[in-house]
Amino acid sequence: MLLQAIFILVSLATLGAALLVVLTRNLFHSALFLAASFFGVAALYVLLEAEFLAVVQVLIYVGAIATLIVFAIMLSRGGVQRGVPLFNAEWAIVAVGVALLGGVLIVLLTQVAWPVSQAAPPADLIARLGQAFVGPYVIPFEVASALLVTALIGAILIARERE
Amino acid sequence: MIPLSWFLIVAAFLFCIGLYGVLVRRNAIAVLMGIELMLNAVNLNLVAFWRYGGPTEVTGQVFAIIVITVAAAEAAVGLALIIAMYRNRQTVNVEDLDTLKG
């Protein structure tokens, strides 16, 4: 099956980029691999027929968050000491713990018979999404906008140079 | 059609990789990148369950969009904190921030 082959390729690329984010010493390269991983997740959204979310993912994660991280790396360049080990002292214990968590999750996920609906997403999904945000989900929507304004003002206040 | 469990397994792997980054990296920005990976894994789960659980409802996508919004706010505040921390302490190493350790 072509779709499954594409899925395997995309997910391997996403997971590989994510691994490189964690394992690369050069932070700048980490940020670029992070953007690649975000792109991979956007491709998985396309495979899930969530095209709007794929576009949002590229716009917000690749466009805004990855750029923000690159700026933060450039602004804190001097804080990176040379010769310091990449990981802290507990890296081996944490690796075992995370591998255990991953193993348990995968056993669980493959054992459960998930109820799967055969329905296809409606053609006017984006219109429905917009209506949902001003209809039943209007309060979460407003809270999200308040949160964004608060976060913006807070970020400016925290990062501001003080005399 | 791609089985639902494949998406869930990819999301589980992505979450574990992010968690590992959060727990072992010394650099605060790398820790934040791990958090972003974990949030992406959660979103992938939400969208996969939306697609296979009930694609005629928009609830799953609404959830994912709210998570993306909160992630954006979190990244902005987190990076501002890291920059403030670098300005005051000249370090971005999380292990150097032990002022509260008695």
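Going by the structure above, here's the rest.
Residues numbered from 1 in each chain as written. Chains lettered and ligands numbered in written order. Predicted model: local features only at pLDDT ≥ 70, side-chain atom pairs only at ≥ 80, totals over all residues. Heavy atoms only, no water.

Before going further, it helps to spend a moment on the pattern of salt bridges. Inspection of the entire model under this criterion finds three salt bridges over all chains. Put simply, Glu49 of chain A and Arg51 of chain B hold a salt bridge, and the shortest N to O gap is 2.8 Å. Of this pair, Glu49 of chain A sits in the loop between helix H2 (27-47) and helix H3 (51-75) while Arg51 of chain B sits in helix H2 (residues 28-53), which puts the two residues in different chains. The exposure class assigned to Arg51 of chain B is buried, which follows from its relative accessible area of 5%. Of the charged contacts, one joins Arg26 of chain B and Glu95 of chain B as a salt bridge, the two residues approaching to 2.5 Å between their closest N and O atoms. Residue Arg26 of chain B is located in the loop between helix H1 (4-24) and H2, and its partner Glu95 of chain B is located in the segment after helix H3 (59-89); the two are separated by 69 residues in the primary sequence. Arg26 of chain B gets classed as buried once you look at its relative accessible area, which sits at 15%. (Salt bridge = Lys/Arg side-chain N within 4 Å of Asp/Glu carboxyl O. Helix = DSSP H or I, 4+ residues; strand = E, 2+ residues; numbered from the N terminus. Buried < 20%, exposed > 50% of the residue type's maximum accessible area, 1.4 Å probe, protein only.)

Let's shift gears to the interface of chain A and chain B. Contact residues are listed per partner, giving 85 residues for chain A and 71 residues for chain B. Carbon and sulfur atoms supply 78% of the area that chain A and chain B bury against each other, a total of about 7000 Å² over both sides. In this assembly, chain A and chain B are joined by one salt bridge. Applying the counting criterion to the chain A and chain B interface returns 16 residue pairs in polar contact (both at pLDDT 80 or more). Listed by contribution, the elements that provide at least two residues to the side of chain A that touches chain B are helix H1 (2-23), H2, H3, helix H4 (91-111), helix H5 (125-134) and helix H6 (138-159) of chain A. (Contact = heavy atoms within 4.5 Å. Buried area = accessible area lost by both parts, 1.4 Å probe. Polar contact = N/O pair within 3.5 Å; in protein donor to acceptor, adjacent residues only side chain to side chain.)

Where nonpolar side chains cluster on the molecular surface, the patch consists of Val149, Leu152, Ile153 and Leu157 of chain A and spans about 380 Å² of accessible area. Among the structural elements, Ile153 of chain A can be located in helix H6. (Patch = residues over 30% accessible without salt bridge, like charges linked within 9 Å, V, L, I, M, F, W, Y side chains within 5 Å. Areas by Shrake-Rupley, 256 points an atom, 1.4 Å probe, with all protein chains shown as cover.)

Turning our attention to H1 of chain B. An α-helical segment advances 3.6 residues per turn. Residues three or four places apart therefore align on the same side. Across its 21 residues, H1 of chain B extends 31 Å between first and last C-alpha, which sits within 8% of the 30 Å expected from 1.5 Å per residue. Burial of H1 of chain B is extensive: 16 of the 21 residues sit out of reach of the surface. (Expected span 1.5 Å × (residues − 1).)

Another point: H2 of chain B. Residue and element names in this part refer to chain B. The end-to-end C-alpha separation of H2 is 37 Å, in line with the 38 Å expected for 26 residues at 1.5 Å each. Counting buried residues in H2 gives 19 out of 26 residues, a clear majority hidden from the surface. Its side-chain oxygen 2.8 Å from the backbone nitrogen of Ile29, Asn27 forms the N-cap of H2.

So, about unusual backbone geometry. Positive phi outside glycine occurs at Glu49 of chain A, with the angle close to 60 degrees. On the accessibility criterion, Glu49 of chain A (34% relative accessible area) is partly exposed. Non-glycine residue Gln90 of chain B carries a positive phi angle of around 55 degrees. Here Gln90 of chain B shows up in the segment after H3. Using a relative accessible area of 52% as the deciding quantity, one classes Gln90 of chain B as exposed.

In this structure, the largest pocket encloses a volume near 470 Å³. Looking at the lining of the largest pocket, the elements with two or more residues in it are H3, H5 and H6 of chain A together with H3 of chain B. It is H3 of chain B that provides the largest number of residues to the lining of the largest pocket, a total of ten residues. Residues that form the lining of the largest pocket fall into these classes: 26 nonpolar, two polar and no charged. Of the domains in this structure, domain 1 (1-99) and domain 2 (123-163) of chain A are the two that each give at least three residues to the lining of the largest pocket. (1 Å grid on protein atoms, 1.4 Å probe; cavity = no way out; pocket = protein on both sides within 12 Å on 5 of 7 lines; lining within 4 Å. Points joined across faces, edges and corners; volume = space filled by probe spheres on them. Nonpolar A, V, L, I, M, F, W, Y, C, P; charged D, E, K, R; others polar. Domains from an automatic or database assignment.)

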